[in-house]
Amino acid sequence: MLANFQTESNHGFESQKLAFTLNPGKKEQAFQVPQGAIDEDLASLTQALFCPSQKALVRSAAAQTQPPCAPAAQEALQAGPPERRKPPKTPGPDNGQTRAQQPGRKTVTVGTPALYPSKMKIPFVEPVICLSVFALTLNSPLTTQYVYRRIWEETGNYSIALESNTSECAKNKSSPIFAFQEEVQKKVSLFNLQMDISGLIPGLVSTFVFLSHSDHGGRKFPLILSSVGALANSAWLCLLSYFALPVQLLIASTFIGALFGNYTTLLGASFAYIVDQCKEKKQRTIRIAIIDFLFGVVSGLTGLSSGYFIRGLGFVWSFLIVTVALFVNLLYVLFFLEDSMKESSSQNISVSWTETFKNLFHRTYMLFKNASGEQRSLCGLLLFTMITYFFVTIGVSPIFVLYELDSPLCWDEVLIGYGSALGSFTFFSSFLGIWLFSYCMDDIHMAFIGTFTTMVGMAMTAFARTTLMMFLVRLPFLFTVMPLSVLRSMISKVVRSTEQGTMFACLAFLETLGGITAVSTFNGIYSATVAWYKGFVFLLSAVLLVIPTISLCVVKYVSRNAGSYVLLIQEESSEDTSDR
């Protein structure tokens, strides 16, 4: 009797469970399966309910071999396991429309991988930055020294051996090679000027268009295109060095690579990607500082080993390593990186390129037009401060290698690698500075510290004449990157979250314009002054850094109190919310 009671209880439980599953939320309308039918079909129902991996064909075959079930149980078998059943259709406001015909409804195929697209995606852009920085840091000194050696060999009968421990450099002005190396310095500087100018116009257009489009088309679009351009340029350098093709072909490769964007495009898209994920203002500052920290660690280690790459592997294999790194980076962006923005179905409308350009410039115009007068002034001041500081620091950066190759320093590739590593350490020290100073001072004060220390470092470099002195002048550059990170964060706090892509597009556009113009300008100044005073360009840089310092003072005055630039956008956002 006890066994019969348990069996009846279990059967009753199974009947109620089945009724509730087929009609969730409407238990009073549930059917009751007859007791005898459950006794006959319990095995087949259990198999159907608890084996969701079986195919429909298997269920069909099993149904044919089993005794006939009750009508309700037969419907349960045809519906499949509970998690794959469709809820019963009830009269609603669709007026007889199907699910696909109802507006605002998306049809998803149950059980396909498209239902869970994000499981295979990684929402971190840091690997992209690390691989790109590795390629950029290794490729920059490689290209400069490769061009220097090729022009040295093409200008005269002198040759430079890769295994030599010292560079071909004469410290005695009476030596015939001294005048020869001065001529090589001028030619290399002018060649760098030509390469930079060739990528100016396409770099400006592509950077602005790609980053502005990312506000609606997604952040992966500029990341993919800039990665493709960098990969193509690096592969061309491999072929150029392997077949010893004319070095002037580098100008053409620079132009073609700039059509796909450059490193400012990639960095701008990466920063916009991070801003999309970080909603808190302080978290955004720290996250951007982490990017600069990774930039410093990777570039420092790469710069430290760049000399050994050249000496141990040569230029061909070194360029090949850069190409492989960029290829892996492109694979990660294409197949593993999750886009931080979801493109809506309303954006799948094909428009002409003319309309695209109009929309891009219109969004940029509305970015400043819709802002209040104080916000517009503050945003313009922050942009001017960052671009002027960026102009000086980026423009003088490639001069360091030429300055170290020339007399009286006469550094070889290993010492140049050490110097590059120490210069890249500034990213790590700037990150530590932001992390520590953020607890005791405001953003604008950190920008003041970084600008002032960089000014001191530029002045000291102009008078460095020994290897020890050249290493010591790296100390004032410890916080050089700090103003850039802080100013990016301050700019992002002045605009809405939906305008971040447009703002970073404007910033990247100005960085590309300012960077290429700065490198071209400083290369021209160095080639004109190298004969009578090599350190003049560094003294000029120290003087020019007075401009962003004054601009920071104006920003401090306009903002009235620390953090008011945050309040501007908060007040405006609250007004928009209240209007709705």
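Residues numbered from 1 in each chain as written. Predicted model: local features only at pLDDT ≥ 70, side-chain atom pairs only at ≥ 80, totals over all residues. Heavy atoms only, no water.

1. What to know about the overall build of the protein chain
Moving on, step 1. Across its full length, the protein chain holds 22 helices and zero strands.
Moving on, step 2. Sorting the 580 residues of the protein chain into buried and exposed places 48% on the buried side.
Moving on, step 3. Restricting the contact set of the protein chain to residue pairs at least 6 apart, pairs at least 24 apart contribute 83%.
Moving on, step 4. Here the protein chain displays about 28,400 Å² of accessible surface, and carbon together with sulfur accounts for 66% of that area. (Helix = DSSP H or I, 4+ residues; strand = E, 2+ residues; numbered from the N terminus. Buried < 20%, exposed > 50% of the residue type's maximum accessible area, 1.4 Å probe, protein only. Contact = heavy atoms within 4.5 Å. Areas by Shrake-Rupley, 256 points an atom, 1.4 Å probe, with all protein chains shown as cover.)

2. Structural notes on a nonpolar patch on the surface
Moving on, step 1. Where nonpolar side chains cluster on the molecular surface, the patch consists of I122, F124, L313, W317, L320, V324, F327, V328, L331, L334, F335 and F336 and spans about 1,100 Å² of accessible area.
Moving on, step 2. Tracing the chain through its elements places L320 in helix 11 (residues 281–335). (Patch = residues over 30% accessible without salt bridge, like charges linked within 9 Å, V, L, I, M, F, W, Y side chains within 5 Å. Salt bridge = Lys/Arg side-chain N within 4 Å of Asp/Glu carboxyl O.)

3. Topic: helix 9 (residues 249–259)
Moving on, step 1. Every buried residue of helix 9 is accounted for by L250, S253, G257 and A258. The arc that holds every buried residue of helix 9, seen down its axis, measures 135°, which confines them to one face.
Moving on, step 2. Following helix 9 by one or two positions, G261 adopts a phi angle in the positive range, close to 100°. (Arc of directions from axis to C-beta.)

4. Section: the environment of I434
Moving on, step 1. Mapping I434 onto the fold places it in helix 15 (residues 413–437).
Moving on, step 2. Each C-alpha atom, one on I434 and one on M446, is 7.2 Å from the other, the two residues being twelve residues apart in sequence.
Moving on, step 3. Each residue touching I434, except ones within four places of it in the same chain, is listed here: T285, A289, M446, M482, S485 and V486.

5. Brief notes about the packing of helix 8 (residues 220–243) against helix 9
Moving on, step 1. Running from N to C, helix 8 and helix 9 cross one another at 165°; their axes reach a closest spacing of 9 Å. In terms of orientation, helix 8 and helix 9 fall into the roughly antiparallel class. For the crossing formed where helix 8 meets helix 9, the hand is right-handed. For the pair helix 8 and helix 9, contact is made by G229, N233, W236, L237 and L240 and by L249, L250, S253, T254 and G257, respectively. (Axes fitted to C-alpha atoms, helices over the stretch in contact; angles between N-to-C directions. Parallel < 35°, antiparallel > 145°, perpendicular 65-115°, else oblique. Left-handed = near helix turned anticlockwise from the far one by under 90°.)

6. Details of unusual backbone geometry
Moving on, step 1. For the bond from S407 to P408, the omega torsion is 10°, close enough to zero to count as cis.
Moving on, step 2. The residue P408 is located in the loop between helix 14 (399–405) and helix 15 in this model.
Moving on, step 3. Even without a glycine there, the phi angle at A244 is positive, about 55°.
Moving on, step 4. Looking at where A244 falls in the secondary structure, it is placed in the loop between helix 8 and helix 9.
Moving on, step 5. In this structure, C410 takes a positive phi of about 55° despite not being glycine.

7. Here's the deal with the pattern of salt bridges
Moving on, step 1. All told, the structure shown has twelve salt bridges when counted by the stated rule.
Moving on, step 2. Of the charged contacts, one joins E182 and K534 as a salt bridge, the two residues approaching to 3.8 Å between their closest N and O atoms. Linking E182 in helix 6 (residues 176–198) with K534 in the loop between helix 19 (500–529) and helix 20 (536–544), this pair joins segments that are 352 residues apart in sequence.
Moving on, step 3. Taking the relative accessible area as the measure of exposure, K534 reaches 16% and is therefore buried.
Moving on, step 4. Via salt bridges that share partners, R149, R311, D412 and E413 belong to a single interconnected network.

8. Here's the deal with the packing of aromatic side chains
Moving on, step 1. Under the counting rule described, the total for this entry stands at 20 aromatic pairs.
Moving on, step 2. Where W152 meets F180, the ring centres are 5.0 Å apart and the plane angle is 85°; that geometry is what we call edge-to-face. Taken together, the residues W152 in helix 5 (residues 126–155) and F180 in helix 6 connect sequence positions 28 residues apart. (Phe/Tyr/Trp six-rings, centres within 6.5 Å; stacked < 30°, edge-to-face > 60°.)

9. Here we look at the packing of helix 15 against helix 18 (residues 482–492)
Moving on, step 1. It is the contact of helix 15 with helix 18, at a shortest axis distance of 9 Å, that shows an interaxial angle of 55°. Comparing their axes, helix 18 and helix 15 come out oblique. Seen from helix 15, the contacting residues are S430, G433, I434 and F437; seen from helix 18, they are M482, S485 and V486.
Moving on, step 2. For the contact of helix 15 with helix 18, a count of residues per class yields four nonpolar, three polar and no charged. (Nonpolar A, V, L, I, M, F, W, Y, C, P; charged D, E, K, R; others polar.)

10. Description of the confidence of the model for the protein chain
Moving on, step 1. For the protein chain, mean pLDDT is 75; residues scoring 70 or higher make up 69% of the total.
Moving on, step 2. Element-level pLDDT for the protein chain is lowest in helix 1 (residues 2–22), with a mean of 42, against a maximum mean of 96 in helix 20.
Moving on, step 3. Every residue in residues 1–34 is under pLDDT 50, and counting partners more than four places away or in other chains gives 29 contacts.
Moving on, step 4. Here residues 571–580 is a poorly scored stretch, pLDDT under 50, and it has six contacts once near neighbours within four places are set aside; other chains count. (pLDDT = per-residue confidence, 0-100.)

11. Considerations on helix 20
Moving on, step 1. Among the residues of helix 20, those classed as buried are V537, F538, S541 and A542. The buried residues of helix 20 occupy an angular sector of 145° when projected down its axis, which confines them to one face.
Moving on, step 2. Structurally, helix 20 contributes buried residues whose contacts are with helix 13 (373–396), helix 14, helix 16 (443–461), helix 19 and helix 21 (546–559).

12. Thoughts on the side chain of S430
Moving on, step 1. Mapping S430 onto the fold places it in helix 15.
Moving on, step 2. Apart from residues lying up to four places away in sequence, S430 is in contact with L478, F479, T480, V481 and M482.

13. Concerning the environment of L337
Moving on, step 1. Secondary-structure assignment places L337 in the loop between helix 11 and helix 12 (353–369).
Moving on, step 2. According to the relative accessible area criterion, L337 is buried, its value standing at 1%.
Moving on, step 3. Apart from the residues lying within four places of it in its own chain, the contact partners of L337 are K121, I122, F124, V125, V128, K220, L223, Y273 and Y332.

14. Focus: the side chain of K493
Moving on, step 1. Within the element layout of this structure, K493 appears in the loop between helix 18 and helix 19.
Moving on, step 2. Separated by 3.0 Å, the side chains of K493 and D443 make a polar contact. (Polar contact = N/O pair within 3.5 Å; in protein donor to acceptor, adjacent residues only side chain to side chain.)

15. Notes on the environment of G296
Moving on, step 1. Position of G296 among the secondary structure elements: in helix 11.
Moving on, step 2. If we skip the residues at most four places from it in the chain, G296 touches S424, F427 and F428.

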